[in-house]
Amino acid sequence: MAGSGHVPATGDAAAGWRQGVTAPGVYADLQAQRACWHPVAYSGEVGDTPAHAELLGESLVLWRGPGGEPRAMSDLCVHRGTALSLGRVSGDEIVCPYHGWRYGADGRCVAIPQLEDPARVPAQARVPAFKVQERYGLIWVALQEARWPLPEVPELEDDSWAVVSAGPYRWQSDAARQVENFTDFGHFPWVHPGLLGDPARPVVPRHEVRTDGHVLRYSIVRPEAANTDDFPVFGNEQATPPERRSRYELHLPYTITLRLDWGGQRGMVYLFAAQPVAANRCAGYVVIGRNYNFGQSDQVIQEFENTIFGQDQVVVESQRPDRVPFDLAAELHLKFDAVAVAYRKAMRALGLAADLSCPDPIGQ
Ligand code: FES
Ligand code: CO
């Protein structure tokens, strides 16, 4: 973590404070977020062998059925707590590496090899199985029945658009800090000079945020730095200074769609989704579509995103608390922070953030 010289104290209490664990206040409620879809892996990360993932402090095993269907279950064998992700897939069953118990897609144990009749499985021999879907090149999991569907991004399912993914960007912060950073207009010229902003034009243009249930909508016309020779990724064509139109949808809690255009036919769409790994850890997935520059190698956009997210990571990991404090009195908001204000209000209004000063059962 760069430059933690601003942390004044030492000792256990200070360590807790640095982690944000002991800070009283209103924070993302991990329990409430079990009823939301979250990304847990890129599709390509889950193949023939099981994969491990973490979501909201819960260990998951991800695997695929015989037709490639994604499966998500608790990564904890009910027998002795072994990680099922160390085991193997056999047909539509996952086999524990320790004693070979076999589990079906619904989490029920179907065979215990140590028994004379391996099929005589006690009813309590099962592990939780979770809702899972695969879309936009990502595996999404909801630990409980999801309150809202995934956002619609037809461009990413349209063969006439080129799609590339970047990340995941694993940060030591909560997912809300990563989301707010993605939506933060004021930082572009400071953190990404020459790439996403022009230090000579730091004023944030006027924008208004509309809140429709769990979706925040806003757009902005923003001066941006011209394409650089290093990263010629954007579709602006020689306007001086270039202007980028950005239309955002923030789907609570942690998924954003961003559509960019430069006043012509060229368009770009970003799907950004932060995985709430634990109370103060996240992973950001970025799926980018474009309808121009088809010949460009994926690497150009990926290296651009790696640079941008790397610049952001240093700043965001220094923020204290390491979780967004959803109480509006907790940080200083000015007019150009309208998105953060609307986000914090909506997260509280929908019960996705709550006063967690009292310890809760999932160990925040
Ligand atoms: Fe999984 Fe024994 S720990 S079968
Ligand atoms: Co940034």
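That block above? That's the structure.
What comes next is a walk through the structure. (Residues numbered from 1 in each chain as written. Chains lettered and ligands numbered in written order. Predicted model: local features only at pLDDT ≥ 70, side-chain atom pairs only at ≥ 80, totals over all residues. Heavy atoms only, no water.)

Here's the deal with empty space enclosed by the protein
Reasoning step 1: In the structure shown here, the tally under the stated rule is five cavities of 30 Å³ or more.
Reasoning step 2: Every residue lining the largest cavity is counted, 18 residues in all, and those nearest its centre are Phe 182, Phe 188, Leu 196, Leu 258 and Ile 308.
Reasoning step 3: Of the residues in the lining of the largest cavity, the class split is 11 nonpolar, three polar and four charged.
Reasoning step 4: Within this model, the second largest cavity holds a volume of roughly 110 Å³.
Reasoning step 5: Forming the boundary of the second largest cavity are Cys 36, Trp 37, Trp 140, Trp 148, Pro 149, Leu 150, Pro 151, His 214, His 251, Leu 252, Pro 253 and Thr 255.
Reasoning step 6: For the lining of the second largest cavity, the residue count by class is nine nonpolar, three polar and no charged. (1 Å grid on protein atoms, 1.4 Å probe; cavity = no way out; pocket = protein on both sides within 12 Å on 5 of 7 lines; lining within 4 Å. Points joined across faces, edges and corners; volume = space filled by probe spheres on them. Nonpolar A, V, L, I, M, F, W, Y, C, P; charged D, E, K, R; others polar.)

Digging into the packing of aromatic side chains
Note on aromatic pairs: each is described by the distance of the centres and the angle between the planes.
Reasoning step 1: The final tally for this structure, using the stated rule, is 12 aromatic pairs.
Reasoning step 2: Ring pairs connect the aromatic residues Tyr 169, Trp 171, Phe 182, Tyr 270, Phe 272 and Phe 309, which therefore count as one cluster.
Reasoning step 3: Directly above the ring of Trp 63 sits Arg 71, whose terminal nitrogen or CZ lies 6.0 Å from the centroid.
Reasoning step 4: A cation over an aromatic ring shows up here: Arg 323 above the ring of Tyr 27, its NZ or CZ 4.1 Å from the ring centre. (Phe/Tyr/Trp six-rings, centres within 6.5 Å; stacked < 30°, edge-to-face > 60°. Lys NZ or Arg CZ within 6 Å of the ring centre and 35° of its normal.)

Examining the coordination of the cobalt ion (ligand 2)
Reasoning step 1: Taken together, the protein ligands of the cobalt ion (ligand 2) are His 187 (NE2), His 192 (NE2), Asp 312 (OD) and Asp 312 (OD), with distances of 2.0 to 2.3 Å.
Reasoning step 2: Coordination at the cobalt ion (ligand 2) is irregular, judged from the four donor atoms that bind it and the angles of 59 to 149° they form at the metal.
Reasoning step 3: Expressed as a motif, the donor residue spacing for the cobalt ion (ligand 2) is H-x4-H-x119-D. Of the two residues, His 192 sits in the loop between helix 3 (188-191) and strand 13 (210-212) while Asp 312 sits in helix 4 (residues 298-318), which places them 120 residues apart along the sequence.
Reasoning step 4: Looking at His 192, the relative accessible area reads 0%, which means it is buried.
Reasoning step 5: Look at Asp 312 and you get buried, because its relative accessible area is 4%. (Donors = N, O, S within 2.8 Å, 3.2 Å for Na, K, Ca; no water. Tetrahedral: all angles 85-135°; square planar, octahedral: opposite > 155°, others 65-115°. Helix = DSSP H or I, 4+ residues; strand = E, 2+ residues; numbered from the N terminus. Buried < 20%, exposed > 50% of the residue type's maximum accessible area, 1.4 Å probe, protein only.)

A look at the pattern of salt bridges
Reasoning step 1: Taken as a whole and judged by the stated rule, the model has 20 salt bridges.
Reasoning step 2: Its salt-bridge partner being Asp 106, residue Arg 108 comes within 3.3 Å of it at the nearest N-O pair.
Reasoning step 3: Across the salt bridge formed by Arg 210 and Asp 212, the nearest N and O atoms sit 3.3 Å from each other.
Reasoning step 4: Each of Arg 177, Glu 180, Glu 331 and Arg 344 takes part in one network of salt bridges that share partners. (Salt bridge = Lys/Arg side-chain N within 4 Å of Asp/Glu carboxyl O.)

Structural notes on the sheet that holds strand 7 (residues 93-95)
Reasoning step 1: With antiparallel pairing, four strands are arranged side by side in an open sheet as 6-7-8-9. Looking at strand neighbours, the two that pair on one side only are strand 6 (88-90) and strand 9 (109-111), the edges of this open sheet. Across this sheet, the average inter-strand angle for adjacent strands is 40°, counted without regard to direction.
Reasoning step 2: In this structure, strand 7 lies alongside strand 8 (residues 102-104), joined through three bridges in antiparallel fashion. When the bridges of strand 8 are listed, Ile 94 appears paired with Tyr 103. (Pairing = 2+ DSSP bridges. Axes fitted to C-alpha atoms, helices over the stretch in contact; angles between N-to-C directions.)

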